[in-house]
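# Notes for the structure review
Here are the chains, one letter per residue:
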Amino acid sequence: MTKNTQKIPKIEVIRSKTEDLPEFLKFADFEKIDYHQNDSKIDVKNFIIKDSREKCGWDFIKGEYISGMEIQGLKTGDYTIKGFEKDFVIERKGSTSEIAQNIFQERFEKELIRLEKFKYPYLICVFDFDDLINFPINSGIPPNLWKKVKTTGKYLVSAFMRYQVVYKTKFILAGSHGMEIAESLFKMITRHGVNYGK
C-alpha cells in the first residue's frame, strides 16, 4: 500500500493570545488561529462594502487593515469585502426587538436561505445572551409596552437554536464587541482566502 505523502499545511495554534478573550470570541471559528503569521509575506488591505439599506450600523475607517469603505446595494447581508462578495457576508442585528420581529417574518427565513449560498455567512448580534433570554428587557421597547409583546426570551433562544441547526449561518452574540468581531473576520477571510477550511 502506497503511503499518502501529501503535505498538509500547518496552521499555528497560539493559546496564549486567546486565554483572555471573552467566551463568545472563543466559540467563533477563528478561535486560537494565529492570523498574524507570515504577515510580512501577505499584503492585506480590506475594502469594505456596506449595504445602502444599513442606515445605522458600523462605519469602518481607513487603517492598518482597512483601505476604505463604500456604500452600495447588496442583495443579501449588510457587509462584505470587495473581491469576496460571493463568498463572505455579514448580516448585522442591532437589538433583540429587531430579532423578535424578524422571527415572525417570512422574509427573514428567506434571507437565511439566501445566505446558504455563501461559503462564510455570519449574523452578528449587537446584544448578548442575557439580553436574549431576558427579552424584552434592554430591547429598546418601552416598559409600558411590554405587556403587549407576544413573545418571550425563551422563545427567542429556541428560535436561535433552530436556526443554528437548520442553517449554516453562524450566529454570534457579540454584545458591544460586534464591530471588533467583524474586523477580525475581515482579516481572517482575506488572509486565508476562500480556500481556508477546505
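Now for a description of the structure that goes with this document. (Residues numbered from 1 in each chain as written. Predicted model: local features only at pLDDT ≥ 70, side-chain atom pairs only at ≥ 80, totals over all residues. Heavy atoms only, no water.)

## Re the overall build of the protein
Scanning the protein for helices and strands turns up six helices and six strands. In sequence order, the protein lays out its α and β elements as α-β-β-β-β-α-α-β-α-α-β-α. Here the protein holds 198 residues, and the buried ones make up 43% of them. Look at the contacts in the protein between residues 6 or more apart in sequence, and 65% of them connect residues 24 or more apart. When the accessible surface of the protein is summed, it comes to about 12300 Å², and 53% of that surface belongs to carbon and sulfur atoms. (Helix = DSSP H or I, 4+ residues; strand = E, 2+ residues; numbered from the N terminus. Buried < 20%, exposed > 50% of the residue type's maximum accessible area, 1.4 Å probe, protein only. Contact = heavy atoms within 4.5 Å. Areas by Shrake-Rupley, 256 points an atom, 1.4 Å probe, with all protein chains shown as cover.)

## Considerations on the pattern of salt bridges
Summed over the entire model, instances satisfying the criterion amount to seven salt bridges. When the shortest N-O distance is used, the salt bridge between Glu 91 and Lys 93 registers 3.2 Å. On the basis of relative accessible area, Glu 91 is assigned to the buried category, the value being 5%. Its relative accessible area of 3% is what places Lys 93 among the buried residues. With a shortest N-O distance of 3.7 Å, Glu 98 and Lys 93 are connected by a salt bridge. (Salt bridge = Lys/Arg side-chain N within 4 Å of Asp/Glu carboxyl O.)

## Some remarks on helix α3 (residues 106–115)
Those residues of α3 lying buried are Phe 108, Glu 111, Leu 112 and Leu 115. In a view along the axis of α3, the buried residues occupy a sector of 100 degrees, so they form one face of it. When the buried face of α3 is taken as reference, the exposed residues oriented beyond 90 degrees from it are Glu 106 and Arg 107. Looking at the buried side of α3, the elements it contacts are β4 (88–93), α2 (96–102), β5 (120–125), α5 (153–166) and β6 (170–173). (Arc of directions from axis to C-beta.)

## Observations concerning helix α6 (residues 178–192)
Given 3.6 residues per turn, any residue in an α-helix points the same way as the ones three and four places further on. Along its 15 residues, α6 runs 21 Å from first to last C-alpha, staying within 8% of the 21 Å computed at 1.5 Å per residue. The buried fraction of α6 amounts to eleven of the 15 residues, a majority that puts the element mostly inside the structure. Of all the positions in α6, only Gly 178, Ile 181, Ala 182, Ser 184, Leu 185, Phe 186, Lys 187, Met 188, Ile 189, Thr 190 and Arg 191 are classed as buried. (Expected span 1.5 Å × (residues − 1).)

## Brief notes about the pairing of β5
Where a strand is regular, its side chains alternate between the two sheet faces. Burial of β5 is extensive: six of the six residues sit out of reach of the surface. Side chains Tyr 120, Tyr 122 and Ile 124 of β5 all project onto a buried face; the interleaved residues Pro 121, Leu 123 and Cys 125 project onto the opposite face, where all are buried too. Where β4 lies against β5, six bridges are found, and the strand directions are parallel. The partner of Lys 93 across the bridge, within β5, is Cys 125. When β5 meets β6, the two strands line up parallel, connected through four bridges. Paired with Leu 123 across the strands is Phe 171, a residue of β6. (Pairing = 2+ DSSP bridges.)

## Points about the nonpolar core
Among the nonpolar cores identified, the biggest contains 21 residues, and Ile 99, Leu 112, Phe 127, Leu 156, Phe 160 and Tyr 163 are the most heavily contacted of them. By residue number, the principal contributor to this core is α5, which donates five residues. Residue contacts for Tyr 163: discarding those within four places in its chain leaves Ile 103, Phe 108, Glu 109, Leu 112 and Phe 171. Grouped together as the second largest cluster of nonpolar side chains are 19 residues, Ile 90, Tyr 120, Ala 182 and Leu 185 included. (Core = buried A, V, L, I, M, F, W, Y, C linked by side-chain atoms within 4.5 Å.)

## Some thoughts on the packing of aromatic side chains
Under the definition given, this model contains ten aromatic pairs. Note on Trp 58 and Phe 60: the rings are 6.2 Å apart at their centroids and 70 degrees apart in plane angle, and the pair reads as edge-to-face. For the pair Trp 58 and Phe 60, one class covers both residues: buried. Among the aromatic residues, ring-to-ring pairing joins Trp 58, Phe 60, Tyr 79, Phe 88, Tyr 122 and Phe 186 into one connected group. In this arrangement the basic side chain of Lys 82 is found over the ring face of Phe 47, its NZ or CZ atom lying 5.5 Å from the centre. (Phe/Tyr/Trp six-rings, centres within 6.5 Å; stacked < 30°, edge-to-face > 60°. Lys NZ or Arg CZ within 6 Å of the ring centre and 35° of its normal.)

## Quick look at unusual backbone geometry
Of note, the amide linkage connecting Phe 135 to Pro 136 takes the cis form, showing an omega dihedral of 15 degrees. The backbone phi angle of Asn 138 is positive, close to 60 degrees, even though this residue is not glycine.

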